[in-house]
Amino acid sequence: MSYVQIDNLTKTYKDTIALNHLSLTFDKGEFVTLLGPSGCGKSTLLRSIAGLAPTEEGSIHVDGVDITHLKPKDREIGMVFQSYGLFPNMTVLENIGFGLRMKGMKKSEYEGKVKRMIELVDLVGKEQSYPHQLSGGQQQRVALARSLVMEPKILLLDEPLSALDAKIRKNLQVELRRIQRELSITTVFVTHDQEEALTISDRIFVMDLGNIVQSGNPEEIYTHPANEFVARFIGNYNVLRAEQLRQLTGGGSFAAVSYAIRPEVIQLFPEHAGPEPSGNGWLAAGKVKDITVTGNVLRYLVESQDQRLQVDHLNTAKELWIQRDMNVNVWIPAEECVPLG
Ligand SMILES: Nc1ncnc2c1ncn2[C@@H]1O[C@H](COP(=O)(O)OP(=O)(O)O)[C@@H](O)[C@H]1O
Ligand SMILES: [Mg+2]
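Residues numbered from 1 in each chain as written. Chains lettered and ligands numbered in written order. Predicted model: local features only at pLDDT ≥ 70, side-chain atom pairs only at ≥ 80, totals over all residues. Heavy atoms only, no water.

S.K.: I tried to follow the overall build of the chain on my own but got confused; where do I start?
M.R.: Of regular secondary structure, the chain possesses nine helices and 18 strands. Each of the three principal axes of the chain carries a C-alpha extent, and together these read 80 × 45 × 35 Å. For the chain, buried positions account for 48% of its 341 residues. Counting contacts in the chain only where the partners sit at least 6 residues apart, residues at least 24 apart contribute 66% of the total. Surface summary for the chain: the accessible area is close to 16,600 Å², and the carbon and sulfur share equals 49%. Between the centroid of the 36 positive side chains of the chain and the centroid of its 42 negative side chains there is a distance of 7 Å. (Helix = DSSP H or I, 4+ residues; strand = E, 2+ residues; numbered from the N terminus. Buried < 20%, exposed > 50% of the residue type's maximum accessible area, 1.4 Å probe, protein only. Contact = heavy atoms within 4.5 Å. Areas by Shrake-Rupley, 256 points an atom, 1.4 Å probe, with all protein chains shown as cover. Lys, Arg positive; Asp, Glu negative; His and termini not counted. Charge placed at Lys NZ, Arg CZ, Asp CG, Glu CD.)

Take a look at the structure:
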């Protein structure tokens, strides 16, 4: 049996099915991510694991124990939210020690544990600070330490980095993963940001409308999206119906209903110029309709045979000779056309 086993979990709010007979399992020490657009049921699933959202059907087992009907406090599960929820009138030390004090531990007993947590989340020197004296990132570190000091069986993180600005967020992603590995703590992380999910996870569960539509490691999810929803959500894929692809390639046999092609696998060559593409694939004439510079990536919008394709190239100097309104040859590698279910 897996460490966490969720079977047939169902939760409705009036007309909304927040969790639709949902089943998933994961292992001890795994860092799993629930990824999906707003409203797909991520928070509801986390809250039901924590015991904060009673479900109508299904069961949750942790380490072989049925926790479906246990009170939240008896589940030994820690949860961290986007809003840090620290006690404003308590210092960092007091915030982190609060849970253990509530359990009846004396200061002399819990001080060592709290100190270790402060070291783990890299807040040494901030012990006597109050939340308002800390940055957002530091406050989230306190919230994390406050959960971890209780030694929960599972750590649940509901969009914990969403309120932080990009640079601090990237930094905390790395830190979070380091801390998780050091403690080997089973973690369920929630995000609507596909890049964050791909960066941080051992395994991703992609959710849509209360269902899990695909699960796999980041590499699998990114390179082999199971359906159009995942393809569009995860990687800005070009999604083409078989007949569109047939038209674009001037033949070729395509058995699936539709195909996904990643923007970065399509190559562009100026008409009458450039190296000959090699390998299995198709060359089609096209025209560059637009170019966007996103920093390290040049994003082209190319029209070919009445189809619009997004093409991403690394922003190196040699790419600059492809301009807007230029006629180009578009190379589509055959093995990169992923059939969708
Ligand atoms: N307390 C509630 N009352 C009514 N509907 C809710 C409540 N909580 C969530 N929902 C609905 O359930 C669905 C899933 O919500 P949620 O789990 O919060 O999604 P996510 O976290 O993925 O954004 C949404 O349609 C949402 O509107
Ligand atoms: Mg949510």
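S.K.: Would you mind going over the nonpolar core with me for this structure?
M.R.: Nonpolar side chains in soluble globular proteins generally cluster together in the buried interior. Membership of the largest hydrophobic core comes to 31 residues, with the highest contact counts inside it found for Ile96, Leu144 and Leu148. The set of elements that each furnish at least two residues to this core consists of helix H2 (92-102), helix H3 (107-120), helix H4 (136-148), strand E7 (154-158) and helix H5 (166-183). With residues near it in sequence (within four places) discarded, Ile96 still touches Val114, Met117, Ile118, Val142, Ala145, Arg146 and Val149. In this structure, Leu9, Leu45, Leu156 and Met207 belong to the second largest nonpolar core, which totals 26 residues. (Core = buried A, V, L, I, M, F, W, Y, C linked by side-chain atoms within 4.5 Å.)

S.K.: I keep staring at the sheet that holds strand E4 (residues 57-62) and nothing clicks. Help me out?
M.R.: In a beta sheet, neighbouring strands are held together by backbone hydrogen bonds and run either parallel or antiparallel to one another. Taken in spatial order, the four strands make up an open sheet running E2-E1-E4-E5, and their pairing is antiparallel. Each having just a single partner strand, strand E2 (16-26) and strand E5 (65-66) make up the two edges of the open sheet. (Pairing = 2+ DSSP bridges.)

S.K.: Teacher, can you tell me more about the site of ligand 1 here?
M.R.: In the neighbourhood of ligand 1, the contacting residues comprise Tyr13, Thr16, Ala18, Pro37, Ser38, Gly39, Cys40, Gly41, Lys42, Ser43 and Thr44. Cys40 places a polar main-chain atom, nitrogen or oxygen, 3.2 Å from an oxygen atom of ligand 1. Here an oxygen atom of ligand 1 sits 2.9 Å away from a polar atom, N or O, in the side chain of Lys42. Mapped by element, the contributors of at least two residues to the shell around ligand 1 are E2 and helix H1 (42-50). If one sorts the elements of the shell around ligand 1 by residue count, H1 sits on top with three residues. Here the shell around ligand 1 is composed, by residue class, of four nonpolar, six polar and one charged. (Near = heavy atom within 4 Å. Polar contact = N/O pair within 3.5 Å; in protein donor to acceptor, adjacent residues only side chain to side chain. Nonpolar A, V, L, I, M, F, W, Y, C, P; charged D, E, K, R; others polar.)

S.K.: Please explain the packing of H4 against H5 as it appears in this structure.
M.R.: A pair of packed helices can be characterised by two numbers: the angle between their axes and the separation between those axes. In the contact formed by H4 and H5, the axes pass within 11 Å of each other and the chain directions differ by 20°. Considering their axes alone, H4 and H5 lie roughly parallel with respect to each other. Of the two elements, H4 crosses H5, and the hand of that crossing is right-handed. In this structure, H4 uses Gly137, Gln140, Arg141, Leu144 and Leu148 to contact H5, whose residues at the interface are Ile168, Asn171, Leu172, Glu175, Leu176, Ile179 and Leu183. (Axes fitted to C-alpha atoms, helices over the stretch in contact; angles between N-to-C directions. Parallel < 35°, antiparallel > 145°, perpendicular 65-115°, else oblique. Left-handed = near helix turned anticlockwise from the far one by under 90°.)

S.K.: Looking at this structure, how should I read H1?
M.R.: Working note: α-helix, 3.6 residues per turn, so residues spaced by three or four point in the same direction. Buried residues dominate H1, accounting for seven of its nine residues. What H1 keeps buried is the set Lys42, Thr44, Leu45, Leu46, Ser48, Ile49 and Ala50. Immediately downstream of H1, the backbone of Gly51 shows phi near 90°, a positive value.

S.K.: I tried to follow the pattern of salt bridges on my own but got confused; where do I start?
M.R.: If charged atoms from side chains of opposite charge come close, those side chains can pair. The tally for this structure, following the rule as stated, stands at 20 salt bridges. Of the charged contacts, one joins Arg178 and Glu175 as a salt bridge, the two residues approaching to 3.1 Å between their closest N and O atoms. With a gap of three residues between them, Arg178 and Glu175 both fall in helix H5, about one helical turn apart. Notably, a salt bridge pairs Glu243 with Arg241, separated by 3.5 Å at the nearest N-O pair. (Salt bridge = Lys/Arg side-chain N within 4 Å of Asp/Glu carboxyl O.)

The values are spatial; any link to function lies outside them.
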